[in-house]
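Close look at the chain arrangement
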Amino acid sequence: MKRRTFIKNTSLTALGLSALGMLDSYSKYFVLGNDLKVNGQRIVNRITELSKYGMDEQGHGYRVAFTRGDIEGRAWFMEQMRGAGLEPIIDAAGNIVGKRMGKNPSLKPIAFGSHIDMVPDGGNYDGPLGSISALEVIELLNENKMMTEHPLEVIIFSNEEGGTIGSMAMAGGLTKEGLQQKSQSGLTMAEGIKAIGGNPDRIESCVRKKGDLYAWLELHIEQGGILEKENLQIGVVEGIVGIVHWEVMVEGFANHAGTTPMNMRQDALLASAQFIIAVNEVINAVKGNQVGTIGKIGLTPNAYNVVPGKVVMGLEIRDLSADKIEMLFREIEKRAASIATKSKTTISFKRQANESKPALTDKTLQQAINASAKALGFSTKFMQSGAGHDSQEIAAIAPVAMIFVPSVGGISHSYKEFTKAVDVSNGANVLLHTILAIDKHKG
Ligand SMILES: [Zn+2]
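Residues numbered from 1 in each chain as written. Predicted model: local features only at pLDDT ≥ 70, side-chain atom pairs only at ≥ 80, totals over all residues. Heavy atoms only, no water.

**Concerning the packing of aromatic side chains**
Considering all chains together, one arrives at seven aromatic pairs under this definition. Taking the centre distance of 5.7 Å and the plane angle of 90 degrees together, the rings of Tyr125 and Phe418 count as edge-to-face. With Tyr125 in the loop between β3 (110–115) and α4 (128–143) and Phe418 in the loop between β15 (400–405) and α13 (421–439), the pair connects residues that are 293 residues apart, well separated along the chain. Given a relative accessible area of 38%, Phe418 falls into the partly exposed group. By way of ring pairs, the aromatic residues Trp246, Phe275, Phe329 and Phe349 are connected into one cluster. (Phe/Tyr/Trp six-rings, centres within 6.5 Å; stacked < 30°, edge-to-face > 60°. Helix = DSSP H or I, 4+ residues; strand = E, 2+ residues; numbered from the N terminus. Buried < 20%, exposed > 50% of the residue type's maximum accessible area, 1.4 Å probe, protein only.)

Set out below in structure tokens:
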């Protein structure tokens, strides 16, 4: 659907912060400050309240971007922001932005938040957790009359689930063609953005330049089952995987299944079966978290009495390293060539245009999250995100980081999506303390 901008990791280290000895002084800060805790019940209540917008009679959610549920949910969220003293504005891409002043207005803002739109029949945590926890951070600072050095920005990105549209626009990557694409709501992106109060004709006015934000932090549910399985509390995200798709075509010869002897066949499906196993072997032969899948297959003529003549498959590879994806694909190509020769078929690959490049999170911010979590007594794991997020887009213009909390049963993009209240609080506390810690490290 779109090509994501290649992410060159802009690190805080590059901004010279490691020279300030920030890692050392984290510990000092935590001794003084870690008794400050979010109001977990308030977050859970708000997640429940937001879930009512777009919910049908069966209790399933339909807060798809640009639909009524989304529009009403956004209005509710902005009302909550006003209650917390933020004066939310809607930028040209329909992103909701609320600012809180810092002691030092010359400093760049620390931004955090997520999205509140969902996939059809989606869950109540994917997006709302990070959005409502961002609001909770503001509430808590207000209640404790705390002023940060940096200005703070709560950002709720528009249409995350439909292709990270709002964050892509903010990073300068939403093109005129992109605005004309149809969204899940049936409206084009441009029409949808208008429907939620944005201005697609002035889309460039929402663009932030590299260096405009001090950092972007996003708390999110894991959407997988690793943290739960390993009984861990906090995931420190190292990056968001790149995804590449290939259409694989295997061509043999369709012939009579009764009269064609076994040794005279050019069976495209048999070759495909060997190819599918080869893909699995290649992906498993290398250490790491890479995944490779044949998730799609179609054959012709698809009949009992005909040797299959042609098979078209979908191959997907995901990893944090673009080079590794290329290396794995070259291995798969080699195996395909040998299978084709032996089976008297041809195997060809067509790379699809919708690939997304891996986005790495900032190493210094990863350390800040890990230190905050440890100081609060939580177990942590450095891990990758197999799903796409707004942070992936923002990584092009700012140092970004993500905090993961466990998803029960690893279920997401489903009305069964659930994260326990204790994990909700844990994640929000790590978000709060990470913000306070990085705020202290630049005067
Ligand atoms: Zn999400």
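**Section: the packing of helix α3 (residues 68–83) against α4**
Contact geometry of α3 with α4 gives a least axis separation of 10 Å together with a crossing angle of 15 degrees. By the angle between their axes, α3 is roughly parallel relative to α4. α3 and α4 meet at a crossing whose hand is left-handed. Contact residues: Trp76, Phe77, Gln80 and Met81 in α3; Ser131, Ile132 and Leu135 in α4. Broken down by class, the residue content of the contact of α3 with α4 amounts to five nonpolar, two polar and no charged. (Axes fitted to C-alpha atoms, helices over the stretch in contact; angles between N-to-C directions. Parallel < 35°, antiparallel > 145°, perpendicular 65-115°, else oblique. Left-handed = near helix turned anticlockwise from the far one by under 90°. Contact = heavy atoms within 4.5 Å. Nonpolar A, V, L, I, M, F, W, Y, C, P; charged D, E, K, R; others polar.)

**A few points about the sheet that holds strand β9 (residues 291–300)**
In spatial order, the strands read β9-β11-β7-β12; together these four strands make up an open sheet with antiparallel pairing. Looking at strand neighbours, the two that pair on one side only are β9 and β12 (346–351), the edges of this open sheet. Going across the sheet, the axis of each strand differs from the next one's by a mean of 20 degrees, ignoring polarity. As defined by bridge partners, β9 adjoins strand β11 (residues 310–319) across nine bridges and the pair is classed as antiparallel. Bridge pairing in β11 links Ile297 to Met313. (Pairing = 2+ DSSP bridges.)

**Here we look at the layout of surface pockets**
Taken as a whole, the largest pocket holds about 870 Å³ of empty space. As for the largest pocket, its lining consists of 34 residues, of which Ile243, Arg318, Gly386, Ala387 and Gly388 are closest to the centre. At five residues, the largest contribution of residues to the lining of the largest pocket is made by strand β14 (residues 380–385). Along the lines of polarity and charge, the residues of the lining of the largest pocket split into seven nonpolar, 17 polar and 10 charged. Lining the second largest pocket we find Met262, Arg265, Gln266, Asp267, Leu270, Ala271, Gln274, Ser338, Ile339, Lys342, Ser343 and Lys344. Among the elements of the structure, α9 (268–284) and α10 (322–343) are those that each provide at least two residues to the lining of the second largest pocket. (1 Å grid on protein atoms, 1.4 Å probe; cavity = no way out; pocket = protein on both sides within 12 Å on 5 of 7 lines; lining within 4 Å. Points joined across faces, edges and corners; volume = space filled by probe spheres on them.)

**Things to note about the pairing of β15**
Each regular strand carries side chains that alternate between the two faces of the sheet. Across the six residues that make up β15, a large majority, six, are buried. Side chains of β15 alternate between two faces, with Val400, Met402 and Phe404 and Ala401, Ile403 and Val405 buried alike. Sheet analysis places strand β5 (residues 215–221) next to β15, joined by six bridges and oriented parallel. Along β15, the bridge assignment pairs Trp216 with Val400. Strand direction decides the pairing type here: strand β6 (residues 234–240) and β15, joined by two bridges, are antiparallel. Along β15, the bridge assignment pairs Gly235 with Phe404.

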